[in-house]
Amino acid sequence: MAGRSARRWVAAVPQQVRHLGAIFALLVAGLVGARQVLVPKTFGERGHYRAAAVDSIVAQEIGYAGHAACETCHPDIADKKGQSYHRGVACEVCHGPQAAHVLAPMDHKPPAPRERAYCPLCHGYNPSRPTGFPQIDPVLHNPVRPCISCHDPHDPTPPHPPESCAACHGEIARTKAISYHAELPCTQCHAVDRRHSVSPRQQRPSKPTTREFCGRCHAQDADSPPEIPRVDLASHGPGYVCWQCHYPHHPEAR
Amino acid sequence: MAGELPTTDEATQDSGAAPGRRAFVTACGALAVTTLLVELGTDLEAEEQAEGPERYDPREHYYGMGIDIDKCIGCGRCVEACKAENDVPRDAHSFRTWVERYVIHADGETAVDSPSGGIEGFPEPTGEAGVLRTFFVPKLCNHCANPPCVQVCPVGATFTTEDGVVLVDEEYCIGCRYCIQACPYGARFLHPTRRTAQKCTFCYHRVVRGLVPACVEVCPTGARIFGEVHRRSSPLERFRRFNEIQVLKPHLNTDPKVFYANLDGQVR
């Protein structure tokens, strides 16, 4: 019944329309087919892109495990570092990406930057760095020895206050070292309390105050080695203290 | 040894059977960390931890980065970490992030340089006379909310995810370089061997596991801040509240999601 009426209905449609209809159907099928083939799988699942592309990016391997991972197995170092000036410096800055070490600590030994050239990456003096960031001149700051011989990389504050005056008074020490006064220790002319190297501005060393101080070595009648040049205190530059004419750390300059 | 009180047991173990206990502790640690990495919830933000990539829902996130110019010391550790984490070619043209040095002279002239992207630090500038200001500017893809690179891609191979990260579909990229031309920030490059466009992904593979991008992980001074835009508790929003924020080339209406604090007007 239904089949016959459908056939009659089709016969009633003009032939050209039937052909057009067939072509149209073919076109639609072609388009749908082409779309099926051309549009990548997973396209449009989450947006106007291939969801699989995101998945392959997400699948990328992790290199840096993150400082939290290190802390679980190295709590002592993490604690020490956490209270030091390096608290903000993540372990893997210095030890490199260590996700592999985290998964198999014994098979992957992390390297450690022991060489002197490393620390100046952050601490070398550079005028573009923010003022206040601790910087040193890598050439002049305690040359040659590796930084870690004095600074613990996990707690870099130098553990002992400096013993040599040169650590803080480098300029004066270097000047004196090439002057006639090279052989005189700083303490010959300055009485220094031990606490000066801890809180220098609270505990100031003494400074010579009189002409007679220099006279102890340089006066005509001074009880000092004969090779020291002598002047007559009464007539030599009277009315002035000696260091108004002679820089005491480089006395030949006048 | 026999008949000793239980309290001394521990001491004996400490000296006698130390390797066993040490191995045990190590194994426990390894287990804890393996679960950590599998569970992949580490730091980032407290309330969104414990998310594996399977459970990650991009619709709940919207990422951005803050950069504090006053804190950058130009050590280039971010550049190094980016290259190591993402296997970026170690040549002088391929960077997903890099650091620029600005030297502004008294006569108003501005010199910008970035030797090897700053990966080996910066040599002291020569001809120092007359320098008015000088500082470092870390740069990366701005993950624009209105990205010109996405608009120009002829094959739709670059796109913005629901969490606001602009990514490249490596398999469909045809290497035509339109996007490289279109990026006003120079944040894209053509991979020398794969011949596809590459760029910063905000370390998407890390972020979905609750880790911060590699550059943020290694920044020693906290000059880079990663987090959610528009979530009050996120470190990024805190950073944006407490600083005067600028973006690069605002007149282009790209709507960047990399926010700079203490940015000098000279920076482009």
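Residues numbered from 1 in each chain as written. Chains lettered and ligands numbered in written order. Predicted model: local features only at pLDDT ≥ 70, side-chain atom pairs only at ≥ 80, totals over all residues. Heavy atoms only, no water.

If you tally the helices and strands in chain A, you get 11 helices and 0 strands. For chain A, the sequential pattern of α-helices and β-strands runs α-α-α-α-α-α-α-α-α-α-α. Each of the 254 residues in chain A was classed as buried or not, and the buried ones make up 22%. Surface exposure of chain A reaches about 18100 Å², of which carbon and sulfur atoms provide 61%. (Helix = DSSP H or I, 4+ residues; strand = E, 2+ residues; numbered from the N terminus. Buried < 20%, exposed > 50% of the residue type's maximum accessible area, 1.4 Å probe, protein only. Areas by Shrake-Rupley, 256 points an atom, 1.4 Å probe, with all protein chains shown as cover.)

Inspection of the entire model under this criterion finds 13 salt bridges over all chains. In this structure, Arg50(A) engages Asp169(B) in a salt bridge whose closest nitrogen and oxygen atoms are separated by 2.6 Å. One end of the pair, Arg50(A), is in the loop between helix H2 (15-38) and helix H3 (51-58); the other, Asp169(B), is in the loop between strand E6 (166-168) and helix H5 (178-182), on a second chain. A salt bridge links Arg50(A) to Glu171(B); the nearest nitrogen and oxygen atoms lie 3.7 Å apart. With Arg50(A) in the loop between H2 and H3 and Glu171(B) in the loop between E6 and H5, this residue pair bridges two chains. (Salt bridge = Lys/Arg side-chain N within 4 Å of Asp/Glu carboxyl O.)

Our focus in this paragraph is the sheet that holds strand E1 (residues 63-68) of chain B. All names here are of chain B. Spatially, 4 strands are ordered E9-E1-E11-E10 in an open sheet, and the strand pairing comes out mixed. In this open sheet, the two edge strands, each paired with only one partner strand, are strand E9 (224-228) and strand E10 (245-246). Of the strand pairs in this sheet, E1 and strand E11 (residues 258-261) are connected by 4 bridges, and their pairing is parallel. Of the residues in E11, the one forming a bridge with Ile 67 is Tyr 260. (Pairing = 2+ DSSP bridges.)

Now for the interface of chain B and chain A. At the junction of the two partners, chain B supplies 52 residues and chain A supplies 39 residues. Overall, the association of chain B and chain A removes approximately 3800 Å² of surface from exposure, summing both partners, and the carbon and sulfur fraction of that is 66%. One can count 2 salt bridges joining chain B with chain A. Broken down by element, the side of chain B that touches chain A gets its largest block of residues, 6 residues, from helix H3 (residues 77-86) of chain B. (Contact = heavy atoms within 4.5 Å. Buried area = accessible area lost by both parts, 1.4 Å probe.)

Another aspect to go through is the side chain of Lys139(B). All names here are of chain B. As for its position among the elements, Lys 139 is in strand E4 (residues 131-140). At 3.0 Å, the side chain of Lys 139 and the side chain of Glu 100 are in polar contact. When neighbours within four sequence positions are excluded, Lys 139 is seen to be in contact with Arg 96, Thr 97, Trp 98, Glu 100, Tyr 102, Arg 224, Leu 248, Tyr 260, Val 267 and Arg 268. (Polar contact = N/O pair within 3.5 Å; in protein donor to acceptor, adjacent residues only side chain to side chain.)

All names here are of chain B. Taking strand neighbours across the sheet as the criterion, the 3 strands line up as E3-E2-E4 in an open arrangement whose pairing is antiparallel. Two strands bound the open sheet, and with one partner strand each, they are strand E3 (110-113) and E4. Mean inter-strand twist for the sheet, computed between neighbouring axes without regard to direction, equals 20 degrees. (Axes fitted to C-alpha atoms, helices over the stretch in contact; angles between N-to-C directions.)

Bridging between strand E2 (residues 97-105) of chain B and E3(B) involves 4 bridges; their strand directions are antiparallel. Of the residues in E3(B), the one forming a bridge with Tyr102(B) is Val112(B).

Attention now goes to a nonpolar patch on the surface. Among the surface-exposed residues, Phe24(A), Val28(A) and Val32(A) lie close enough to one another that they form a single nonpolar patch of about 290 Å² accessible area. When you line up the elements, Val28(A) lands in helix H2. (Patch = residues over 30% accessible without salt bridge, like charges linked within 9 Å, V, L, I, M, F, W, Y side chains within 5 Å.)

The next point concerns the side chain of Thr97(B). Residue and element names in this part refer to chain B. You can see Thr 97 is positioned in strand E2. Its relative accessible area of 4% is what places Thr 97 among the buried residues. A polar atom in the side chain of Thr 97 sits 2.6 Å from the backbone oxygen of Lys 139. Here the side chain of Thr 97 touches Arg 224 through a polar contact of 2.8 Å, side chain to side chain. Not counting the four nearest positions on each side in its chain, Thr 97 is found in contact with Cys 78, Val 79, Cys 82, Lys 139, Leu 140 and Arg 224.

Residues and elements named next belong to chain B. Burial in helix H8 (residues 235-242) covers these residues: Leu 236, Glu 237 and Phe 239. Looking straight down H8, one finds its buried side chains confined to an arc of 155 degrees; they lie on one side. Lining the buried residues of H8 we find E1, E9, E10 and E11. (Arc of directions from axis to C-beta.)

Here the focus is the packing of aromatic side chains. Residues and elements named next belong to chain B. All told, the structure shown has 6 aromatic pairs over all chains when counted by the stated rule. For the pair Tyr 56 and Tyr 204, a centre-to-centre distance of 6.5 Å together with 85 degrees between the ring planes defines the contact as edge-to-face. On the criterion of sequence distance, the pair formed by Tyr 56 in the loop between helix H2 (18-39) and E1 and Tyr 204 in helix H6 (residues 204-207) is long-range, its members being 148 residues apart. Judged by relative accessible area, Tyr 56 falls into the buried class, the value being 9%. (Phe/Tyr/Trp six-rings, centres within 6.5 Å; stacked < 30°, edge-to-face > 60°.)

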